[in-house]
Amino acid sequence: MTVEQNVLQPGGAAKHQQTFLNQLREITGINDIQVLQQALKDSNGNLELAVAFLTAKNAKVPQLEEATYYQTALPGNDRYISVGSQADTNVIDLTGDDKDDLQRAIALSLEESNRAFRETGITDEEQAISRVLEASIAENKASLKRTHPEVWSDSPNPYDRKRQDNCPVGLKNVGNTCWFSAVIQSLFNLLEFRRLVLNFNPPANAQDLPRNQKEHRNLPFMRELRYLFALLVGSKRKYVDPSRAVEILKDAFKSNDSQQQDVSEFTHKLLDWLEDAFQIKAEEERDGEKPKNPMVELFYGRFLAVGVLEGKKFENTEMFGQYPLQVNGFKDLHECLEAAMIEGEIESLHSENSAKSGQEHWFTELPPVLTFELSRFEFNQALGRPEKIHNKLEFPPILYLDRYMHKNREITRIKRDEIKRLKEYLTVLQQRLERYLSYGSGPKRFPLVDVLQYALEFASSKPVCTSPVDDLGASAPASGTVPAQTSPSTIEQQGPSSSDVPSTSPVQRSVIHKPFTQSRIPPDLPMHPAPRHITEEELSVLEGCLHRWRTEVENDTRDLQESISRIHRTIELMYSDKTMVQVPYRLHAVLVHEGQANAGHYWAYIYDHHQNRWMKYNDISVTKSTWEELERDSFGGYRNASAYCLMYINDKEQYLIQEEFNKETGQMLVGMDTLPSDLRDYVKEDNKRFEKELEEWDAELAQKAQQEKLLSQIPRAPAPSPAPVQAGEPEYLEQPSRTDISKHLKEDSVQAINKALAEQEDRGPEAIMDTAIKLEYTRLLKLAQEDPPPECDYRLRHAIVYFIQNQAPKKIIERTLLEQFGDHNLSFDERCRNIMKVAQAKLEMIKPDEVNMEEYERWHQDYRHFRETTMFLMVGLEFFQKKSYMEALLYLIYAYQNNKELLSKGPYRGHDEELISHYRRECLLKLNEHAAALFESGDDQEVNNGLIIMNELIVPCLPLLLVDEMEEKDIVAVEDMRNRWCSYLGQEMEPNLQEKLTDFLPKLLDCSTEIKGFNDPPKLPSYSTHELCERYARIMLSLSRTPADGR
């Protein structure tokens, strides 16, 4: 049976051989294919036993016949990352030399594997993937039991979950299922794949089939996938829940282990399941012909392996799905492909006399959808754990694959030889250039052109006739009293000597220490060394030589650099001729992973071929993106994010992304019109349920509004006088209204009235009021124009100062002043009472068209919002100084959010954003360190307390820091917090700690910037204006006396 035939045979023994070999190579770091094959053979195909055998302490390298080196099978990669899995207590020890233990382990594994397969029809590999699915469902159920479900659950307001226009629909993360969302969205946005799934009809005789376990799994999964795709097409929800599809996958396997799923493995298995489902349908519809499977036609290609083994040539055709590529050691995708297509020494492939061994791969048939799996994980044998490769790897939006096609192999070989020759020549040129740029024989080297320039500058310096020591003259003591090794800075500086010869008088003066003047350089000492003796002729000759040499070196360096640039350009354009750009593949989707090898978060960038733009699919969040953002997150080398899977599509096969058209009218079908009738009905029912949610929400809001309206019409009794408040314990009340604030302005109003009376004692109340208002406005205008220190914010003293600084309309300011002088607090005195009545009369005379009352209320509401923000900031900073970081965090969060909203309306509407950002960030960092210390203690109660801090305080706050990418300090802080916890991955710890860490890390590494719900804002104490200004000044003064910690 050929490899091609074997691929389409369910349960073919050779189907996963290459998959296992790829897994073993990556997990163990061993590249010798013979060693890997022997280990797989000895363990009877059991992957875990093979890994244990290869990584055993004293395991001997097995011998293998060379002939098996080129046995080929379906290549792929079913690698998975096991997170937090614990060792079985009944494991046989394979770390010693006891061969009996190894034989018993192999026999036991074979027996268990065969028994499991006989009972369920499911392979060990398929059981392994189920562990993740079970973990995802368990996580989803566990999330319902969290202490504060509002952080993780859907928004109670259905309008927050309503789809906007025709925006793409997101997928809810139901617990460690970001990998599911990334893969499903990438496939869904392939319109041909979407049509195949939506129009899939189960076999008519499905109920009569002698269905095995695979059929029991595949057909129900296809049903749920169709429903899920239909909702992604026509739902009115912003995002939909994929739990039912995940449940089907979970129910297909039985396992209790917990691990984070791997994108490439899931994609591979998903395509396997879809292939099986379509195969059933294809076999039912065949009419004597070999059935065609649309999944195979869409995702599978073929390549020819051409090789030489000890002088004997061979050729073998193989089928492939996802094409694995190594990342380490390569800078771009073409370098990865070149390395993957050539193994061993290739000179012998077109030579008759060489006995070297090697092989080349040539694509004979490319699939319409070509997926590259980038191997970014490797097993660190020294540490005994997998590690992620963060190296930068570039890939193009358009990839031309002509150079890898079998039909072009002759011209490609010629070009490869030419590139090899050019690279060898390039190496020689670079070595020559390096000698010019790093000149010298010692450890320190400099550019030769600079060395010549320095020599020229030295020769051209003004010559001096004395040594640098003798030049000091009489400033130095006699040579017999100062040791030769004494530093010049310790020699007493004397007055100038009348002679150039040092004094030899036997009378010595004591050395006097003079700080800051003792080592001062004499004014006549040259700044640079200079030659002592040089004639004009010598200088002329030397300058001429140095100038000439420097010019020659500059020309040589420039010629070398230009030659190197030309060769680089030639290599880049080697495959740009017309014959080598006939097979274009366009980048369709990039699946990104952020985190470490054991845990992380996935999202996808998917190209919208009709809008010609990139979209970012991050679970429930779907946003517009750019190629620049994709580069930053996908190429690697920046933070811990990098591409893990690339999906290219044949740019000439337009049917892959082409919309459907009505056969009768010719009009394009969109939305619900693209769905079969059964799915259209399904989506309509779901939309009706969501519309009912919206109606119930509207009715609830209308009922609340009606109740509030009725309550507002009920006459209110006078408010009782407040009970006395104990000193140091402010009473927590609602914030004061504008009238309450005006009580604090009584003194200001009385002072203005008294000044007006002193100036115009014989005038009437109206004239006095006008004068008082002008005096008050002048005072407030002066305050608004001053530039006070941070602790003295005049906006807190009066709303008018706030209004003036933010250019409020004149009518708003005038009415506010009239309200101040018309306040009932002025009724204590006859003269003030008269002015109060005049002000009230003028207020009543203002017509509705003169002052926009809605605008008036908005300005005062903004001022109340400003005072509230000030109190959030003030209380948060007070808690921070007391090191009560948990209490401080919530206040600072609301201070920052409210302040940001204020600043969006004007630069003087709020406080210093950098100040609030700094202390919010410091709060999170300190809480993170505290939580990490609790986790490190190992005590169950302490560990739980630490994780509660992280889950309920830190994790919900991370989107607030990530949402603004311009705040680099916030992004760095998030990385620091994540790295603190990721550092535990390679450390030894108790199994229960490992389990808790595994459960927690995906939440911490979630890159979603969607801000989730928080608790209600904390209630604020009720302060008078005087108290507020005083406490604000006190806290700001204390900050100015505290080190800024980098702020």
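Residues numbered from 1 in each chain as written. Predicted model: local features only at pLDDT ≥ 70, side-chain atom pairs only at ≥ 80, totals over all residues. Heavy atoms only, no water.

**Describing the overall build of the chain**
Then comes step 1: When you go through the chain residue by residue, the secondary structure sums to 31 helices and 16 strands.
Then comes step 2: Sequence-distant contacts, at least 24 apart, represent 74% of the contacts inside the chain between residues at least 6 apart.
Then comes step 3: Working note: accessible area of the chain is about 55200 Å², and carbon and sulfur atoms make up 51% of it. (Helix = DSSP H or I, 4+ residues; strand = E, 2+ residues; numbered from the N terminus. Contact = heavy atoms within 4.5 Å. Areas by Shrake-Rupley, 256 points an atom, 1.4 Å probe, with all protein chains shown as cover.)

**Some words on the environment of Asp-686**
Then comes step 1: Mapped onto the elements of the fold, Asp-686 is located in helix H18 (residues 677–713).
Then comes step 2: Sequence spacing of Asp-686 and Lys-236 is 450 residues, and the spatial spacing of their C-alpha atoms is 8.6 Å.
Then comes step 3: Look past the residues within four positions of Asp-686 in its chain and what remains in contact with it is Leu-231, Ser-235 and Arg-237.

**Overview of the packing of helix H27 (residues 913–937) against helix H28 (residues 940–962)**
Then comes step 1: For the pair H27 and H28, the least separation of the axes is 8 Å and the interaxial angle reads 150 degrees. The angle between the axes of H27 and H28 places the two elements in the roughly antiparallel class. Here H27 runs over H28; the crossing is left-handed. Contact with H27, carried on its side by Arg-920, Leu-924, Leu-927, Asn-928, His-930, Ala-931, Leu-934, Phe-935 and Ser-937, involves Glu-942, Val-943, Asn-945, Gly-946, Leu-947, Ile-949, Met-950, Leu-953, Ile-954, Cys-957, Leu-960 and Leu-961 of H28 and no other residues of that element.
Then comes step 2: Residue composition of the contact of H27 with H28, grouped by class: 14 nonpolar, five polar and two charged. (Axes fitted to C-alpha atoms, helices over the stretch in contact; angles between N-to-C directions. Parallel < 35°, antiparallel > 145°, perpendicular 65-115°, else oblique. Left-handed = near helix turned anticlockwise from the far one by under 90°. Nonpolar A, V, L, I, M, F, W, Y, C, P; charged D, E, K, R; others polar.)

**Overview of the pattern of salt bridges**
Then comes step 1: Tallied over the full model, the rule gives 37 salt bridges.
Then comes step 2: A salt bridge links Lys-392 to Glu-394, with the nearest nitrogen and oxygen atoms 3.7 Å apart.
Then comes step 3: Judged by its relative accessible area of 38%, Glu-394 is partly exposed.
Then comes step 4: Across the pair Lys-688 and Glu-685 runs a salt bridge, and its minimum N-O distance is 3.9 Å. Within this pair, Lys-688 and its partner Glu-685 are both found in helix H18, separated by three residues, close to a single helical turn.
Then comes step 5: Taking relative accessible area as the criterion, Glu-685 reaches 41% and is therefore assigned partly exposed.
Then comes step 6: The network of salt bridges with shared partners includes Arg-161, Arg-237, Asp-686, Arg-689 and Glu-693. (Salt bridge = Lys/Arg side-chain N within 4 Å of Asp/Glu carboxyl O. Buried < 20%, exposed > 50% of the residue type's maximum accessible area, 1.4 Å probe, protein only.)

**Let's talk about the nonpolar core**
Then comes step 1: In terms of nonpolar packing, the biggest core is built from 98 residues, with Phe-803 and Trp-981 touching the most fellow members.
Then comes step 2: The contact partners of Phe-803, leaving out residues within four places of it in the chain, are Ala-808, Ile-812, Ile-813, Thr-816, Trp-859, His-860 and Tyr-863.
Then comes step 3: Counting residues in each nonpolar core, the second largest holds 64 residues, with Trp-179, Tyr-227, Ile-248 and Met-615 among its members. (Core = buried A, V, L, I, M, F, W, Y, C linked by side-chain atoms within 4.5 Å.)

**Here we look at unusual backbone geometry**
Most peptide bonds are trans, and most residues other than glycine sit at a negative phi.
Then comes step 1: Its identity is not glycine, yet Asp-165 carries a phi of approximately 50 degrees, on the positive side.
Then comes step 2: With respect to the helices, strands and loops of the structure, Asp-165 is situated in the loop between helix H6 (124–143) and strand S1 (170–171).
Then comes step 3: In this structure Asp-165 comes out as exposed when scored by relative accessible area, which is 74%.
Then comes step 4: A positive phi angle, close to 65 degrees, is found at Lys-883, a residue other than glycine.
Then comes step 5: The topology assignment puts Lys-883 in the loop between helix H25 (853–881) and helix H26 (885–903).
Then comes step 6: Classification of Lys-883 as exposed rests on a relative accessible area of 61%.

**Focus on helix H16 (residues 536–572)**
Then comes step 1: Under the 1.5 Å per step criterion, the end-to-end length of H16 is 53 Å for 37 residues, consistent within 8% with the ideal 54 Å.
Then comes step 2: Residues Leu-539, Cys-545, Leu-546, Val-553, Thr-557, Leu-560, Ser-563, Ile-564, Ile-567 and Ile-571 constitute the buried set of H16.
Then comes step 3: Check the buried side of H16 and you find it contacts helix H14 (409–437) and helix H15 (448–460). (Expected span 1.5 Å × (residues − 1).)

**Here's the deal with the confidence of the model for the chain**
Then comes step 1: Confidence along the chain averages 75 in pLDDT terms, with 69% of residues attaining 70 or more.
Then comes step 2: At the low end of the mean pLDDT range in the chain sits helix H1 (residues 3–7), at 35; at the high end sits strand S11 (residues 398–400), at 94.
Then comes step 3: Low confidence marks residues 716–742, where pLDDT is under 50. Its contacts with residues over four positions away, or in another chain, come to 32 contacts. (pLDDT = per-residue confidence, 0-100.)

**Here's the deal with the UniProt feature "coiled-coil region" (unreviewed entry) in the chain**
Then comes step 1: Under the UniProt annotation, "coiled-coil region" (unreviewed entry) lies at residues 680–707.
Then comes step 2: Taken end to end, residues 680–707 comprises 100% helix and 0% strand; its first and last C-alpha atoms sit 40 Å apart. (UniProt positions renumbered as here; feature names shortened; annotations may be inferred.)

**Here we look at a nonpolar patch on the surface**
Then comes step 1: Taken together, the side chains of Phe-661, Met-668 and Val-670 make up a nonpolar region of the molecular surface, amounting to roughly 290 Å² of accessible area.
Then comes step 2: Inspection of the secondary structure puts Met-668 in the loop between strand S16 (641–650) and H18.
Then comes step 3: For Met-668, a relative accessible area of 43% corresponds to the partly exposed category. (Patch = residues over 30% accessible without salt bridge, like charges linked within 9 Å, V, L, I, M, F, W, Y side chains within 5 Å.)

**Considering helix H29 (residues 968–982)**
In an α-helix, one turn spans 3.6 residues, which is why side chains three or four residues apart end up on the same side.
Then comes step 1: When the terminal C-alpha atoms of H29 are compared, their 21 Å separation across 15 residues agrees well with the 21 Å that a helix rising 1.5 Å per residue should span.
Then comes step 2: Every buried residue of H29 is listed here: Asp-970, Ile-971, Ala-973, Val-974, Glu-975, Met-977, Arg-978, Trp-981 and Cys-982.
Then comes step 3: Buried residues along H29 sit against strand S12 (584–595), H27, H28 and helix H30 (991–1004).

**Some points on the environment of Glu-942**
Then comes step 1: With respect to the element layout, Glu-942 can be found in helix H28.
Then comes step 2: Overall, the relative accessible area of 31% leaves Glu-942 in the partly exposed class.
Then comes step 3: Each C-alpha atom, one on Glu-942 and one on Ala-931, is 8.7 Å from the other, the two residues being 11 residues apart in sequence.
Then comes step 4: Once residues lying within four places of it in the same chain are set aside, the contact partners of Glu-942 are Leu-934 and Ser-937.

**Some details on the packing of H26 against H28**
Then comes step 1: The geometry of H26 relative to H28 is characterised by a closest axis approach of 12 Å and an angle of 20 degrees between their N-to-C directions. One way to sum up the angle between H26 and H28 is to call them roughly parallel. Both H26 and H28 take part in a crossing whose hand is left-handed. On H28, the residues touching Met-886, Leu-889, Ile-893 and Gln-897 of H26 are Ile-949, Leu-953, Cys-957 and Leu-960.
Then comes step 2: Grouping the amino acids of the contact of H26 with H28 by side-chain chemistry returns seven nonpolar, one polar and no charged.

**Let's talk about the packing of aromatic side chains**
Then comes step 1: The final tally for this structure, using the stated rule, is 33 aromatic pairs.
Then comes step 2: Here the aromatic cluster, defined as three or more aromatic residues joined through ring pairs, consists of Phe-395, Tyr-607, Trp-614, Trp-627 and Phe-635.
Then comes step 3: Over the face of the ring belonging to Phe-188 we find Arg-194, whose NZ or CZ atom lies 3.9 Å from the ring centre.
Then comes step 4: Above the face of the Tyr-896 ring, Arg-920 is positioned so that its terminal group lies 3.8 Å from the ring centre. (Phe/Tyr/Trp six-rings, centres within 6.5 Å; stacked < 30°, edge-to-face > 60°. Lys NZ or Arg CZ within 6 Å of the ring centre and 35° of its normal.)

**Overview of the pairing of strand S3 (residues 301–309)**
Then comes step 1: Counted residue by residue, S3 has eight buried out of nine residues, so it is predominantly covered.
Then comes step 2: Note: S3 against strand S4 (residues 312–320), nine bridges, orientation antiparallel. Counterpart to Leu-304 in the pairing with S4 is Thr-317.
Then comes step 3: Between S3 and S4, which pair antiparallel one after the other, the connecting turn spans two residues, and Glu-310 there sits at a positive phi close to 50 degrees.
Then comes step 4: As paired elements, S3 and strand S7 (residues 358–365) share seven bridges and run antiparallel to each other. Bridge pairing in S7 links Val-308 to Gly-358. (Pairing = 2+ DSSP bridges.)

**Considering the environment of Ile-753**
Then comes step 1: Among the secondary structure elements, Ile-753 is positioned in helix H20 (residues 746–759).
Then comes step 2: With a relative accessible area of 0%, Ile-753 lands in the buried category.
Then comes step 3: Setting aside chain neighbours within four positions, we find Ile-753 in contact with Ile-768, Ala-772, Phe-821, Leu-826, Cys-832 and Ile-835.

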